[in-house]
Amino acid sequence: MARLKTNLKIKVQLYCGDEIAMGPGKADLLVAIAREGSISAAARTMGMSYRRAWLLVDAMNRCWSEPLVAAKAGGGAQVTDFGSDVLDFYRAVQAQAEGAGEGPEIARLERLIRAEPLPAKA
């Protein structure tokens, strides 16, 4: 998820049915798993519970044609080669989407939007 300029936020999410197969948080979780070598350590570094991280990994593994994360022999977890490819493709799409926020239409919208909303009417 990228915040562009002051008011535009572009968030790329890929859906599998009603399930988010990949989004910014899941991509960050994959990076943390690759770095830490386990779901629990990755969850700790991201400030989330192991259960939440496990549920996100489970959702990813159910949505793609191959698992993105697999158990390592002897304990822990690793991002599969397929998972690394999906992550690379996702990051490329994120970069393209962020570039979309640099056109003249965005500049026009930026000039038209208020910095803060007007007070709500009682």
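This is a predicted model, so every value here is computed, not measured. (Residues numbered from 1 in each chain as written. Predicted model: local features only at pLDDT ≥ 70, side-chain atom pairs only at ≥ 80, totals over all residues. Heavy atoms only, no water.)

Draft legend 1. Main features of the pattern of salt bridges. The full count for this structure, using the stated rule, is four salt bridges. A salt bridge links D28 to R91, with the nearest nitrogen and oxygen atoms 2.9 Å apart. Highlighted residues: D28 in helix α1 (residues 24-36) and R91 in helix α4 (residues 81-99), separated in sequence by 63 residues. With a relative accessible area of 38%, D28 lands in the partly exposed category. A single network of salt bridges, built from pairs that share partners, joins E19, D58 and R62. (Salt bridge = Lys/Arg side-chain N within 4 Å of Asp/Glu carboxyl O. Helix = DSSP H or I, 4+ residues; strand = E, 2+ residues; numbered from the N terminus. Buried < 20%, exposed > 50% of the residue type's maximum accessible area, 1.4 Å probe, protein only.)

Draft legend 2. Region of the structure containing the packing of α1 against helix α2 (residues 39-46). At a minimum axis distance of 8 Å, the contact between α1 and α2 shows a crossing angle of 120 degrees. Classed by the angle they form, the pair α1 and α2 counts as oblique. Judged by the twist between their axes, the crossing of α1 over α2 is right-handed. Judged by residue contacts, G25, D28, L29, A32, I33, R35 and E36 of α1 engage I39, A41, A42, T45 and M46 from α2. (Axes fitted to C-alpha atoms, helices over the stretch in contact; angles between N-to-C directions. Parallel < 35°, antiparallel > 145°, perpendicular 65-115°, else oblique. Left-handed = near helix turned anticlockwise from the far one by under 90°. Contact = heavy atoms within 4.5 Å.)

Draft legend 3. Highlighting the nonpolar core. Within the largest apolar cluster, 22 residues are counted, with the highest numbers of intra-cluster contacts made by M22, L29, L30, I33 and V69. Counting residues per element, the ones that place at least two in this core are α1, α2, α3 (50-63), β6 (77-79) and α4. In this structure L29 touches A42, M46, A53, L56, V57 and M60, once residues within four positions along its chain are discounted. (Core = buried A, V, L, I, M, F, W, Y, C linked by side-chain atoms within 4.5 Å.)

Draft legend 4. Spotlight on the side chain of T80. Tracing the backbone through its elements, the reader meets T80 in the loop between β6 and α4. For T80, a relative accessible area of 16% puts it in the buried group. Setting aside its immediate chain neighbours within four residues, T80 contacts P67, L68, V69 and A70.

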